[in-house]
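Spelled out from the first residue to the last, the chains are:
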Amino acid sequence: GGIDLLPAPVEFVELKQKLADYRFETLTTQLVRELCNLFGLDSSLLNDPENKTYSNKTEAQKALFVNVIIPQSELFAEYFNIALSARQVDLRLRFDSSRIESLAEERERQHRWLLELYKAKAISLEELREGLGYSKR
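Since the model is a prediction, treat every value here as computed from it, not as a measurement.

A. Layout of the overall build of the protein chain. Per the secondary structure count, the protein chain includes four helices and zero strands. Secondary structure elements of the protein chain, listed N to C terminal, follow the sequence α-α-α-α. When burial is assessed residue by residue, the protein chain has 15% of its 137 residues classed as buried. The contacts in the protein chain between residues at least 6 apart in sequence include a share of 26% that link residues at least 24 apart. For the protein chain, the exposed area adds up to about 11,700 Å²; of that, 54% sits on carbon and sulfur atoms.

As structure tokens, then:
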């Protein structure tokens, strides 16, 4: 078993020219795309405009935060808190994503939706507070 990083087969050949005469742009682009796929990133964020997944940079940044940075940060905080608990330290690490500008519009939409649910008596005040991030932890 192994891990394939590139979708193309690797071939070793004897160099018949100076190394500077070979063009590695294609291989570099493939490597960047594969690494981005591995971490769930849009490769256009790493100067690969031909491979845009999202319509604009803001959407790509949202995906980066939502799919990679926030989950990994929360996972780190969870493991860090477990380690603190094991050492009987009365501190907790918490990741706060509320100031991420590219997520503000989505957060506002979610808050309006929660308020509508509360007004329709579909959720309780405590559920509203929890959804808005004001729950007691």
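Next comes the rest of the description.
B. Representation of the pattern of salt bridges. One pass over the full model with this rule turns up three salt bridges. Between glutamate 105 and arginine 109 there is a salt bridge, with the nearest N and O atoms lying 3.9 Å from each other. Of this pair, glutamate 105 and arginine 109 both sit in helix α3 (residues 104-119), separated by four residues, roughly a single helical turn. Several salt bridges converge on common partners, so that one network encompasses Glu105, Glu106 and Arg109.

C. Up close: the packing of aromatic side chains. In the structure shown here, the tally under the stated rule is one aromatic pair. Both rings, one in phenylalanine 76 and one in phenylalanine 80, keep their centres 5.8 Å apart while their planes meet at 25°; by these two values the pair is stacked. Taken together, the residues phenylalanine 76 and phenylalanine 80, both in helix α2 (residues 57-86) and four residues apart, mark about one turn of the helix. Of the residues examined, phenylalanine 76 reaches a relative accessible area of 53% and is grouped as exposed.

Rules used in this analysis
- Residues numbered from 1 in each chain as written.
- Predicted model: local features only at pLDDT ≥ 70, side-chain atom pairs only at ≥ 80, totals over all residues.
- Heavy atoms only, no water.
- Helix = DSSP H or I, 4+ residues; strand = E, 2+ residues; numbered from the N terminus.
- Buried < 20%, exposed > 50% of the residue type's maximum accessible area, 1.4 Å probe, protein only.
- Contact = heavy atoms within 4.5 Å.
- Areas by Shrake-Rupley, 256 points an atom, 1.4 Å probe, with all protein chains shown as cover.
- Salt bridge = Lys/Arg side-chain N within 4 Å of Asp/Glu carboxyl O.
- Phe/Tyr/Trp six-rings, centres within 6.5 Å; stacked < 30°, edge-to-face > 60°.

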